[in-house]
Every structure is written in C-alpha cells, then in structure tokens.
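# Notes for the structure review
The lines below spell out each chain.
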Amino acid sequence: MKPQDAPLVTGFALVCVVLFVLLQITGFQGEAIMRAGFIPARFGTEVIAPPGTMLPVFLTPLSSAFLHGGWLHLIFNMVMLLFIGRQLEAPLGGKAMAVLLLAGAYAGALAQFLADPGSAIPMIGASGAISALLAVFALIFSRTQTSAIGPIPAHWVRALWLAAAWIGLQLALGFAGGGGFGAVAIWAHVGGFLAGLLLARPLLRWRFGGR
C-alpha cells in the first residue's frame, strides 16, 4: 500500500467534511454538537438518554470525533489527519489504523473526563484520534537515537520523552489561552497521544505477525 492509498483515513476525512457542510447548510450544527458531542458531565448521571434526544453517552467519544466547531477547526484537523494518516496507513494497514483512531478518540474523551468530570461543555473534533496517530508517527519516523536508562528499554525511554514533550506543549497552549483550558480540549490531545504511544508496538506486531 502506497502512502496515497489510504482509504480509511481518506474516508474518515471525507465523512467529517461532508457532515460539517451538511450541518452548516441545514443549521443543525449547534444541535448536533449538543446531542452527539462528548459531555463529561453526562457520565454517571445519564448512561442512555431518552429516545430522540441524545446519543448514548458511551457512543459520544466516537460521534464527537466527526464534529467540528468551525472551518478553521475542520481544516486544521483534516490537514493533520491526511498528512499523518496517509503515511501511517501503509505500514499499519486499515484494521490497525481503525483500532488506533478508535482508541485515540476514547482515550482522549477519558482524559478530558478525568480532568473535569463535571464539565457540561461539549467536546468535539478528531483531535484525540489524530493525537494517537501523531504519537505513532513520531515513534516510527523519529530519527532521534535514545539509549536505555537502567532497566528501562530504549523504546520506552523515547516514548516517555515524547509523552513529556507533548504534555508540556499542551499545558503551554492551555496557559497561553488564559489558563482555563476551556477553548481547546488539551487533555483529549494528551489522552489520545498516550494511547498512541502504548499501542504503537502492539499494532506493529499485529500487522507483521509478531516480528
């Protein structure tokens, strides 16, 4: 599979764009965000919403990944998704990519919930899933050489450095935005990235038969 042959990533991006345009045209974007966005406060109080109101809460980490708040949000995420995802789908394959995207979306939602479980602000966007892709991309294509530290293998040292750098960057972005961390779901970025770091080697082993 060549980098340009990435049907899963391309399909994901296409669904995001088409859905965004349709919601913009019909005027249902705000309603869709409330009904299908991930709202941390719904956990523990509303596992399954009444029919016709909201998606079940356990589906919203996935559904929220297809929703975006504006053109800039959509374009930035889709550029990142296509640039990184098309490079990864070749070595990982479609099945492993689907697992990675799903894990990133759910890990991002979990991290956002743990950071602010009472928040009623909907979290939307594919940032958690994309952060998982970014973590695997960094591990696979990084040219930085790392050495083992005591009993910690070199590949874990590299993963820990990447995690520390990514978390530091997200915290800096949050503080730069006023310290409230409300406008950007930085913890979703952190959760998705950590999921990617943890899944990179297992997915590569799965793809190449345990080698």
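You'll find the structure just up there.
Residue numbers restart at each chain and count upward from 1, following the sequence in its written direction. Thresholds applied to this predicted model are a pLDDT of at least 70 for local features of residues and 80 or more for the giving and counting of side-chain atom pairs; totals over whole chains, interfaces and linings are not thresholded and use all residues. Water and hydrogen atoms were dropped before computing side-chain values, which therefore reflect all heavy atoms in the structure.

### Some details on helix H4 (residues 71-92)
- Only DSSP runs of H or I reaching four residues or more are called helices, and only runs of E reaching two or more are called strands; each is numbered from the N terminus. To estimate the expected span of a helix, count its residues, drop one, and scale the result by 1.5 Å. In this model, H4 (22 residues) spans 30 Å end to end at C-alpha, consistent with the 32 Å of a helix rising 1.5 Å per residue.
- Fitting axes to the seven residues ending at a residue and to the seven starting there, one defines the bend at that residue as the angle between these axes. If you look at H4, its biggest bend is around 35°, right at Gly85.
- Looking only at H4, the buried set comprises Leu74, Asn77, Met78, Leu81, Ile84, Gly85, Leu88, Glu89, Ala90 and Leu92.
- Any pair of residues with heavy atoms lying within 4.5 Å of one another is described as a contacting pair. Taken together, the buried residues of H4 touch helix H1 (7-26), helix H5 (94-115), helix H6 (127-141) and helix H8 (186-207).
- Among the residues trailing H4, Gly93 stands out with phi positive, at a value near 90°. Exposure classes here rest on a 1.4 Å probe applied to the protein chains alone. A residue is buried below 20% of its type maximum, exposed above 50%, and partly exposed in between.

### A word on empty space enclosed by the protein
- Cavity means a closed set of points on a 1 Å grid over the protein atoms alone, one where a 1.4 Å probe fits but cannot get out, pocket means an open set with protein on both sides within 12 Å along at least 5 of 7 lines, and lining means a residue has an atom within 4 Å of a point. Grid points are joined across faces, edges and corners, and a volume is the space filled by probe spheres set on the points. Going through the model one piece at a time under the given rule, you end up with one cavity of 30 Å³ or more.
- Considering only enclosed or pocket space, the largest cavity measures out at about 40 Å³ in volume.
- Looking at the largest cavity, the residues that line it are Leu19, Phe20, Leu23, Gln29, Ile33, Phe66, Leu67 and His68.
- For the lining of the largest cavity, the secondary structure elements donating two or more residues are H1 and helix H2 (29-36).
- Of all the elements, H1 adds the most residues to the lining of the largest cavity, at three residues.

### Topic: a nonpolar patch on the surface
- Residues enter a patch when their relative accessible area is above 30% and they make no salt bridge; the linking distance is 9 Å between like charges and 5 Å between nonpolar side chains (Val, Leu, Ile, Met, Phe, Trp, Tyr). Per-residue and other accessible areas follow the Shrake-Rupley method at a 1.4 Å probe size, with only the shown protein chains counted as cover for residues. Salt bridges are counted wherever a side-chain nitrogen of Lys or Arg sits within 4 Å of a carboxyl oxygen of Asp or Glu. On the surface, Leu55, Phe58, Leu59, Leu62, Leu102 and Tyr106 cluster together to form a nonpolar patch covering roughly 470 Å² of accessible area.
- Along the chain, the position of Tyr106 falls in helix H5.

### Side note on the nonpolar core
- To form a nonpolar core, buried Ala, Val, Leu, Ile, Met, Phe, Trp, Tyr and Cys residues must be joined to one another through side-chain atoms within 4.5 Å. Counting residues in each nonpolar core, the largest one holds 31 residues, and the members touching the most others are Phe12, Leu81, Leu88, Leu92, Leu100 and Leu133.
- Ranked by residue count, the leading element in this core is H6, at eight residues.
- Contacts of Leu81, omitting those with residues within four sequence positions, involve Val9, Phe12, Ala13, Arg86, Leu101, Ile130 and Leu133.
- Core analysis: the next-biggest nonpolar cluster, separate from the first, contains six residues, Leu23, Ala32, Ala36 and Ile124 among them.

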